[in-house]
There are 2 protein chains.
Amino acid sequence: MTSTLPSPDLTSAREDLATALRAELGDDAVFTDPAGRYVGDRAVRAAPDTRFLLVLPHDVAGVQAAVRLAHETGTPVVPRGAGSGLSGGAVPTDGAIVLGLERLTAIREIDPLDEVAVVEAGVITAELSDALAPHGFFYAPDPASATLSTVGGNIATNAGGLHCAKYGVTRESVLGLEAVLADGTLLRTGHRSIKGVTGLDLTQLLIGSEGTLAIIVAATVRIRPLPVARRTVLARFTSSAGAAAGVGAITRSPVRPAATELIDGGTLADIDANSGSALARGEDAIVLIELDGYGIEEQTADLTVALEAAGGSVRVIEDEAEAEHLWELRRSGRGTGAGGHRLGEDIAVPKSQFAAILDQLAEIGERHGVETSALAHAGDGNLHPLLALAREEGEDPGSPRPPVLLAAADDLVRAALDLGGTISGEHGIGTAKRGWLDLELSRDSRNLQRRVKDAFDPQHLLNPGKAL
Amino acid sequence: MTSTLPSPDLTSAREDLATALRAELGDDAVFTDPAGRYVGDRAVRAAPDTRFLLVLPHDVAGVQAAVRLAHETGTPVVPRGAGSGLSGGAVPTDGAIVLGLERLTAIREIDPLDEVAVVEAGVITAELSDALAPHGFFYAPDPASATLSTVGGNIATNAGGLHCAKYGVTRESVLGLEAVLADGTLLRTGHRSIKGVTGLDLTQLLIGSEGTLAIIVAATVRIRPLPVARRTVLARFTSSAGAAAGVGAITRSPVRPAATELIDGGTLADIDANSGSALARGEDAIVLIELDGYGIEEQTADLTVALEAAGGSVRVIEDEAEAEHLWELRRSGRGTGAGGHRLGEDIAVPKSQFAAILDQLAEIGERHGVETSALAHAGDGNLHPLLALAREEGEDPGSPRPPVLLAAADDLVRAALDLGGTISGEHGIGTAKRGWLDLELSRDSRNLQRRVKDAFDPQHLLNPGKAL
C-alpha cells in the first residue's frame, strides 16, 4: 500500500510529544509502534495508515499528565479500556494518543457495610465480582463480555448485559466517579450513599458518554449481596412469535427474572454448530430464564404457569452443571462465524414489540436475500439480530462485507425506530452507529449535546468523531 | 411595611407581559395577584415584597408559550410542581413568572406489557400508583410527600423516599422526558425500553436539576408489578447506637428490605405527642422494616435472626391494619411542632457511619443547647435530624429562628461531609442549601456545572439563584 509520507514537521512534533510523554510517564508507558490489537475493537479497525501513539499510564497521575500534554499540544485522545467494544468507540483516529487504562487495575476498597467498592477503570468486570464473592457480594453489571471488558469501559458505554431488567444497566450501579478532564484536571463526582442530590449529576452525565466528555479513571460502585438461591428454567416454543408471547406472559406475571434470554431457531442452530450442543429443533425458539433470590420455588411455580399458558414447554434445570453450561452456551454467543459474512446488530424496542421486530427481521432478510437470526435480552427490550450471507464460491476470505448486508442492517435499525425503539440498546454509538444518530435524536437534542460537549472539551480533543 | 414603589416602566412592562401571556394562554391561566400558597414551599417563603406573575398553563403548548414569552422579554421563570419542596426550589424570585405545572395532570398512557406509563408533570405521585394498581403495577418512587407532590417535581429534584434502597431513587424509574427548553422549544429525551445508549443521556442530566436547565412537562416512567406479599417488622433497641448496629446487621444479612426506617427515641416521643400513639420507651430507638416479594417467610426468618443477633427485640406485625398504622405514623413525621422553633435537616452518610452521625448529632445538640432527634431512611444512608428549641416565655410566636439553631445545623452538615456524606440526601439544594454547596463540590465541579447551565440556558432565566 502506498501512503503519503508524513511531513517532517509532523513527524518531529510527534517525536517531541513521545519524548515529553516518556519523561512524565516513564519509557515503559509510551509506544510509538503499538501492537496490532490496539488498532481496533472487536468489531471495527482503524484505516491501515492511521498513525497513533499508545500510552499506557501506570496510575491516575499518569493519565492526568498524558491528557495535560495532549491538551497543550492539541493532540486528540482516544481512551481505551479492554478494546472489547463493538461500535468502534476505542478505535484510533489519525494523529491521536490512544490512552489505554488497562494498567489501572487496583480494587482500592471493598466495603460491605457501605455496600460499595472503589475500583480503578482497568479492573476486569468479572474479576470485581470474583473479588467480592468472599464477602458475600457481587457487582451486578455483567455484559456478555464481562470476562474481557473493564469496569471503566462498561461505565463509559453504560454497558448492559443479561441482568439489567432486574438489576439495572451499569448506570444504576455507579455512585461516583473520578474522571480526568480535557485539561488534565482530576474531577471527583457523586457520593458514597445511595442518595445524594447536590448539584447537577455529572456522574450520570459522564456515564455512557463514550469518552467524549472526560476520561473515567476510577469509580465508586454499588455492590449487592449474593442471592440466596438461583434457578434456571428453559421454555421451548414452536416459533419465535411463540417465544415472544412467552416473554409477554412473564411480564403479565408477578415474577421478574434476573435474566430472560430469547434465542431463536437460527441462533440455536448456530450455537449447536459451534459448540456441539443439541439445542435446535426446527423452528423452535427458546426462552432461557434465570430466577434468583428468596422464594425460588414459588417463583418457579408462577413462572411455569405463565409460560405454559403461553404455549411453552417448560423444563426446570435442577442440575447446576447443566444450568451453568446453558448460560455458557448463551454467553459464548454464535461462535466465530467462519466461512461467511456476518453483521451483528444491537437495537432495542419496547418489550411489547418483540414479536413485531422479529417479524420485520425475517421480512428484511427475505427481501435482501440475507440469512437472519436473533437473540435478545428480552426482559429489557434489547435485541441482537445477526445478518449473514455465505461467501461466493472462490471468494477471497478477506473480501469486504457486501453492501446488501449493510442495506439490510439499515432497514432493521429503521424498523426498530418505527416501533418506538432505539438504534443502540447497549453497544454504544462509537463510529459504527453515527450514521443513524440523526434518525433518533432531534436537531435540538443534538445541538444541546454539542453545547454540553463544548462545556467539557472546548478543543474537541476527547475521542473526536465518536458517539456525538 | 414600606417598600419602594415599582417604577412606572417596570410596572407597565409587567402589565404588557401579563397581557401577552393572557392572549396566548387564556385569561384563566395568568394571575397578577397570586394566592398566598404560591409564595413559598413547605419550608421557605419569598420575601414579603417579592412581585411575581403566576402562570398556570393548561397544557404543554401553554408552557412553551409562557417560556417563549419569558425568553423574549428576559423574564426569569420559576417552575413549580405542588410546592411541597423543603429547600426553596420553587420559591418566587422578584420579577419572575412562577410557572405552575399543576394543571398538566394527564396520565397519557399505561402500558403493562411495555412496563411504562407516560404521565404529565402535574400528576400527583401517589395518584399514579393508584391508577396503576388495577393493572397490577405500581410506581416505585414514593417520597413521604407522595400524596402531595407531583411526578414532575419529584423528577426535577430526583426525590427519594422510603423505598430507595430496594427500588432506587426517582432517577431509576425515569426512561424519558419531555422538557421545555429556555427558548420554549420542546425537547424529547430517552427511550421506552430499559436499555438505550444513543448520545449523551440528557434524561439523566435533567433529573435532579431543579428546574435550572429546562422545565420538565412529561415523563415516560418505568412501572413495576405489585409485590406478591408484604410484611412489616418492628425491631426495638435500647439506644440509637443499638438501632444503628441493627441496620448494619441487616446489611450483613442477605435480606434487602423494601424500607428500613430508623426512628430514635426523641422522634418516637414526638410522634406519640402528635398522634396519641405509644411508641416511645425511654431511650429506645426502633427500626421499622418493610419486606416484600417472594419468600416472605424466609425473608422474615433471616431478618429476625440478624436483628436479634444485634440485640434487637423483634416483633413481626401480622395484623395488616396495625402495619398500615405504623407506616402512617412514620410518614406523618413529627407533626407540626407547634410551640417551638424547629429545623429539619436532610443529610446522607455512608451506611456504616450511621452510629457516628447519630453520636455527632447528640454532641452538637449538647454543645449548642438544642434538642435533637432523628429519623433515617437507614437502608440508603439518608438521615433527617430535627433541631428544636423551645420558645422563651412570652416570645412572639412569629419570631425568627434563633441563630443557634442555624449554627447547630451548620455543624451537622459539616459533620456529614466529614464522614464522607453529602449535604442533601433527597430534598435538593434550592435556596436553603446553597451556602454549603462549595463545601461539597470542588471549584472544577462548580465551573463545569455552570458551563453546562450556560449550554442550556445562556440568559440564566430558568430558576435563577437556585441549586447551582
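Residues numbered from 1 in each chain as written. Chains lettered and ligands numbered in written order. Predicted model: local features only at pLDDT ≥ 70, side-chain atom pairs only at ≥ 80, totals over all residues. Heavy atoms only, no water.

Under an unreviewed UniProt entry, chain A has the name Glycolate oxidase and belongs to Brachybacterium sacelli.

## Some words on empty space enclosed by the protein
As a reminder of what qualifies: Only protein atoms enter the 1 Å grid, on which a cavity is a set of points fitting a 1.4 Å probe that cannot get out and a pocket is an open set with protein on both sides within 12 Å along at least 5 of 7 lines, lining residues being those with an atom within 4 Å of a point. Grid points are joined across faces, edges and corners, and a volume is the space filled by probe spheres set on the points. The helix count covers DSSP runs of H or I at least four residues long, the strand count covers runs of E at least two residues long, and both are numbered beginning at the N terminus. Put simply, Ala, Val, Leu, Ile, Met, Phe, Trp, Tyr, Cys and Pro go in the nonpolar bin, Asp, Glu, Lys and Arg in the charged bin, and everything else, Gly too, in the polar bin.
Counted by the stated rule, this structure contains 9 cavities of 30 Å³ or more. A volume near 1000 Å³ is recorded for the largest cavity. Lining the largest cavity are 43 residues, with Lys-166, Tyr-167 and Asp-292 of chain A together with Lys-166 and Tyr-167 of chain B positioned closest to its centre. Looking at the lining of the largest cavity, the elements with two or more residues in it are α5 (164-167) and β11 (224-225) of chain A together with α5 (164-167) and β11 (224-225) of chain B. When its residues are assigned to classes, the lining of the largest cavity shows 22 nonpolar, 7 polar and 14 charged. Taken as a whole, the second largest cavity encloses approximately 410 Å³ of empty space. For the second largest cavity, the lining is made up of 32 residues, of which Arg-171, Glu-172 and Gln-204 of chain A together with Arg-171 and Glu-172 of chain B are closest to its centre. At the level of secondary structure, the elements contributing two or more residues to the lining of the second largest cavity comprise β8 (174-180) and α6 (202-206) of chain A together with β8 (174-180) and α6 (202-206) of chain B.

## Remarks on the nonpolar core
This is how it is decided: Remark: nonpolar core denotes a set of buried residues (Ala, Val, Leu, Ile, Met, Phe, Trp, Tyr, Cys) joined through side-chain atoms within 4.5 Å. Throughout this description, buried means an accessible area under 20% of the type-specific maximum (1.4 Å probe, protein chains only), exposed means over 50%, and partly exposed covers the range between. Any two residues whose heavy atoms approach within 4.5 Å at even a single point are treated as in contact.
By size, the foremost hydrophobic cluster in this structure holds 60 residues, and its most contacted members are Leu-128, Leu-205 and Phe-456 of chain A together with Leu-128 and Phe-456 of chain B. Those residues in contact with Leu-128 of chain A that lie beyond four places of it in its chain are Ile-107, Ala-117, Val-119, Val-123, Tyr-139, Val-151 and Val-221 of chain A.

## Side note on the interface of chain A and chain B
Stated precisely, the cut-off is as follows: Defined here as a combined quantity, buried area equals the accessible surface (1.4 Å probe) lost by two parts on assembly, summed across both. Salt bridges are defined as contacts in which a side-chain nitrogen from Lys or Arg sits within 4 Å of a carboxyl oxygen from Asp or Glu. Contacts described as polar in this section are N or O atom pairs within 3.5 Å, which, within protein, must combine one atom able to donate a hydrogen with one able to accept it, while residues neighboring in sequence count only if both atoms come from side chains.
Contact with chain A, which involves 81 residues of that partner, is made by 81 residues of chain B. Surface buried jointly by chain A and chain B totals about 6500 Å² across both partners, of which 62% is contributed by carbon and sulfur atoms. Of all residues in chain A, the largest losses of buried area upon contact with chain B belong to Lys-195, Leu-200 and Tyr-294 of chain A, amounting jointly to 14% of the total for that side. Where chain A packs against chain B, one counts 10 salt bridges. Taking the shortest distance from any N to any O, the salt bridge between Asp-201 of chain B and Arg-171 of chain A comes out at 3.0 Å. Here chain A is connected to chain B by 36 residue pairs in polar contact (both at pLDDT 80 or more).

## Brief notes about the sheet that holds strand β5 (residues 107-111) of chain B
One key point about sheets: their strands pair by backbone hydrogen bonds, in either a parallel or an antiparallel sense. Residue and element names in this part refer to chain B. Applicable threshold: Whether two strands pair comes down to DSSP finding at least two bridges between them. Angles here are taken between N-to-C directions and fall from 0 to 180 degrees, while the axes themselves are lines fitted to C-alpha atoms, restricted in helices to the stretch in contact.
Reading across the sheet, the 5 strands line up as β5-β6-β10-β8-β9 and stay open at both edges, with antiparallel pairing between neighbours. Every other strand in the sheet has two partners, leaving β5 and β9 (186-190) as the edge strands with one partner each. The mean angle between the axes of side-by-side strands here comes to 15°, regardless of whether they run parallel or antiparallel. For β8 and strand β10 (residues 215-222), the ladder comprises 6 bridges, and the chain directions are antiparallel. Residue Val-180 lies in a different strand from β10, and its bridge partner there is Ile-215. Contacts between helix α3 (residues 125-132) and the sheet are confined to β5, β6 (116-120) and β10, with β5 contributing the most and set at about 45° to the helix.

## What to know about the UniProt feature "domain: FAD-binding PCMH-type" (unreviewed entry) in chain A
Applicable threshold: UniProt positions are given in the numbering used here, feature names are shortened, and annotations may be inferred rather than shown by experiment.
When the UniProt feature table is mapped onto this chain, "domain: FAD-binding PCMH-type" (unreviewed entry) is found at residues 44-226 of chain A. Helix makes up 21% of residues 44-226 of chain A and strand 26%. Its end C-alpha atoms lie 36 Å apart.

## Side note on the pairing of strand β4 (residues 96-100) of chain B
Residues and elements named next belong to chain B. With 5 of 5 residues buried, β4 lies mostly within the body of the structure. The side-chain alternation of β4 yields two buried faces, one formed by Ala-96, Val-98 and Gly-100 and the other by Ile-97 and Leu-99. Inspection of the sheet shows strand β3 (residues 77-80) paired to β4 by 4 bridges, in the parallel sense. Looking at the pairing, Arg-80 lines up with Gly-100 of β4.

## Describing the packing of helix α11 (residues 354-368) of chain B against helix α12 (residues 403-418) of chain B
Residue and element names in this part refer to chain B. What counts here: In what follows, roughly perpendicular refers to angles from 65 to 115 degrees, roughly parallel to angles under 35, roughly antiparallel to angles over 145, and oblique to any angle outside these ranges. Note: crossing handedness is left-handed where the near helix turns anticlockwise from the far helix by less than a right angle, and right-handed where it turns clockwise.
One can describe the packing of α11 onto α12 by two numbers: an axis separation of 10 Å at closest approach and a directional angle of 155°. One finds that α11 runs roughly antiparallel with respect to α12. Seen from above, α11 lies across α12 with right-handed handedness. Mapping the contact onto sequence places Ile-357, Gln-360, Leu-361, Ile-364, Arg-367 and His-368 in α11 and Val-404, Ala-407, Ala-408, Asp-411, Leu-412, Ala-415 and Ala-416 in α12. Looking at the contact of α11 with α12 residue by residue, the class counts come to 9 nonpolar, 2 polar and 2 charged.

## Examining helix α14 (residues 443-456) of chain B
Here is the rule we go by: An expected span of 1.5 Å times one less than the residue number is assigned to each helix.
The end-to-end C-alpha distance of α14 of chain B is 20 Å, a good match for the 20 Å that 14 residues give at a rise of 1.5 Å each. Of the positions making up α14 of chain B, those classed as buried are Ser-445, Arg-446, Leu-448, Gln-449, Val-452, Lys-453, Ala-455 and Phe-456 of chain B. Elements that come into contact with the buried residues of α14 of chain B comprise β9 (186-190), α6 and α14 (443-456) of chain A together with α6 and α13 (437-440) of chain B.

## Details of the environment of Ser-442 of chain A
Residue and element names in this part refer to chain A. Among the structural elements, Ser-442 can be located in the loop between α13 (437-440) and α14. Judged by its relative accessible area of 33%, Ser-442 falls in the partly exposed class. A polar contact of 3.1 Å, which involves the side chain of Ser-442, links it to the backbone nitrogen of Ser-445.

## Considerations on the sheet that holds strand β1 (residues 30-31) of chain B
All names here are of chain B. On the basis of which strands lie adjacent, the open sheet formed by 4 strands has the order β1-β2-β4-β3 and mixed pairing. Taken across any chain shown, the strands that pair with only one partner, and hence form the sheet edges, are β1 and β3. Relative to strand β2 (residues 52-55), β1 runs antiparallel, the two sharing 2 bridges. Residue pairing for β2: Phe-31 is matched across the bridge by Leu-54.

## Notes on unusual backbone geometry
Look at Ala-467 of chain A: it is not a glycine, yet its phi comes out positive at around 70°. In this fold, Ala-467 of chain A is placed in the segment after α14. Taking the relative accessible area as the measure of exposure, Ala-467 of chain A reaches 4% and is therefore buried. Phi at Asn-158 of chain B is positive, roughly 50°, even though this residue is not glycine. Inspection of the secondary structure assignment puts Asn-158 of chain B in the loop between α4 (151-157) and α5. Residue Asn-158 of chain B is classed as buried on the basis of its relative accessible area of 5%.

## Looking at the domain arrangement of chain A
Reports of interface size often rely on the accessible area that becomes lost once the parts have come together. All names here are of chain A. Counted only if it meets this: All the domain ranges listed were derived from an automatic or database domain assignment.
Looking at the assigned domains, one finds that chain A contains domain 1 (8-100), domain 2 (107-225), domain 3 (227-335) and domain 4 (338-389 + 400-429). Once you take the C-alpha centre of each, domain 3 and domain 4 turn out to be 21 Å apart. Tallying the contact residues gives 14 residues for domain 3 and 15 residues for domain 4. Both faces combined, the contact of domain 3 with domain 4 buries some 1300 Å², and carbon together with sulfur accounts for 54% of it. Connecting domain 3 to domain 4 are 1 salt bridge. The shortest N-O distance in the salt bridge between Arg-342 and Asp-270 comes to 3.0 Å.

## Looking at the relation of the copies chain A and chain B
The criterion, for reference: Superposing the copies works by least squares over the C-alpha atoms of residues that have pLDDT at least 70 in both of them.
Superposing chain A onto chain B requires a rotation of 180° together with a translation of 0.0 Å along the rotation axis, leaving an RMSD of 0.0 Å. Here the two chains are linked by the operation of a two-fold rotation axis. Taking C-alpha positions as reference, the residue of chain A nearest the rotation axis is Gly-295 of chain A, located at 1.8 Å. Both copies present the same face, since 100% of the interface residues in chain A are matched by interface residues at the equivalent positions in chain B.

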